[in-house]
Amino acid sequence: MADLVVLGFADKDKAEAVLRLAKDLSRQELLDLEDAALTWRAMDGKIHVRQSYNTTAAGATGGALWGSLFGLLFLMPVFGAAVGAATGALAGKLSDIGIHDGFVKEIAATLEPGHAAVFALVRRSTPDRVREAVRPFHPTVLRTSLTKDREEELIAALQRT
């Protein structure tokens, strides 16, 4: 089961840098994310959300593949691909996998203008190495699905200087 960790940052740039770092840690096999999202509140108070996993695009790609295969069976591969892509995109748009959009927006509404948050649904990680890599960005733990003891351990590890 994946653990949810929501980290707050003083600005959007730090949050974006942590998402880039997460991709690098993933390539090093130190972090395996099921989903991630970035949200920030602009100085005018407007909330922005950027999901890292686009369900609509994934659905369209899968739908086009299956549509092409069925289209080949009925000698209409282009039509099959088009119909498959359309139905796959619709299915992807309607599905909400990973981090729930409503939860992301709920947390985003609590951010102060200019601040940002990164949501990470972590399948597995090498905790000490990940914490060490994230610490220089001075994150604040906003929410987790960790046990109380593990959450306190995470907070303490991120506050060390």
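Everything below is about the structure shown above.
Residues numbered from 1 in each chain as written. Predicted model: local features only at pLDDT ≥ 70, side-chain atom pairs only at ≥ 80, totals over all residues. Heavy atoms only, no water.

Asker: Could you clarify how one ought to interpret the nonpolar core in this entry?
Answerer: For soluble globular proteins, the rule of thumb is that nonpolar side chains tend to be buried together. Leu7 and Leu38 are the most contacted members of the largest nonpolar core, which totals 24 residues. Those elements that place two or more of their residues in this core are strand E1 (3–9), helix H1 (12–27), strand E2 (31–41), strand E4 (116–125), helix H5 (127–134) and helix H6 (148–159). Top contributing element to this core by residue count: H1, with six residues. Residue contacts for Leu38: discarding those within four places in its chain leaves Ala15, Glu16, Leu19, His48, Val49, Arg50, Ala116, Ala117 and Val118. Formed by 12 residues, the second largest nonpolar core is a distinct cluster that contains Leu4, Val6, Phe103 and Ala117. (Core = buried A, V, L, I, M, F, W, Y, C linked by side-chain atoms within 4.5 Å. Buried < 20%, exposed > 50% of the residue type's maximum accessible area, 1.4 Å probe, protein only. Helix = DSSP H or I, 4+ residues; strand = E, 2+ residues; numbered from the N terminus. Contact = heavy atoms within 4.5 Å.)

Asker: Honestly, the pairing of E4 in this entry has me stumped. Any pointers?
Answerer: On a regular strand, each side chain points to the face opposite its neighbour's, so the side chains alternate between the two faces of the sheet. Here E4 lies mainly inside the structure; seven of its 10 residues are buried. Both E1 and E4 contribute to a ladder of seven bridges, which runs antiparallel. Across the sheet, Phe9 pairs through a bridge with Ala116, a residue of E4. Where E2 and E4 come together, nine bridges link them in antiparallel fashion. Looking at the pairing, Ala36 lines up with Ala120 of E4. (Pairing = 2+ DSSP bridges.)

Asker: Whenever I open this one, H1 confuses me. Can you help?
Answerer: Note on helix geometry: an α-helix contains 3.6 residues per turn, so any two residues three or four positions apart are oriented the same way. For H1, built from 16 residues, the straight-helix expectation of 22 Å at 1.5 Å per residue is met to within 8% by its first-to-last C-alpha distance of 23 Å. All of the buried residues along H1 are Ala15, Glu16, Ala17, Val18, Leu19, Leu21, Ala22 and Leu25. Tucked into the core, H1 has its buried residues touching E1, E2, strand E3 (47–51), E4 and H5. For H1, the N-terminal capping position is held by Asp11, with its side-chain oxygen 3.1 Å away from the main-chain nitrogen of Asp13. Among the residues trailing H1, Glu29 stands out with phi positive, at a value near 60 degrees. (Expected span 1.5 Å × (residues − 1). Polar contact = N/O pair within 3.5 Å; in protein donor to acceptor, adjacent residues only side chain to side chain.)

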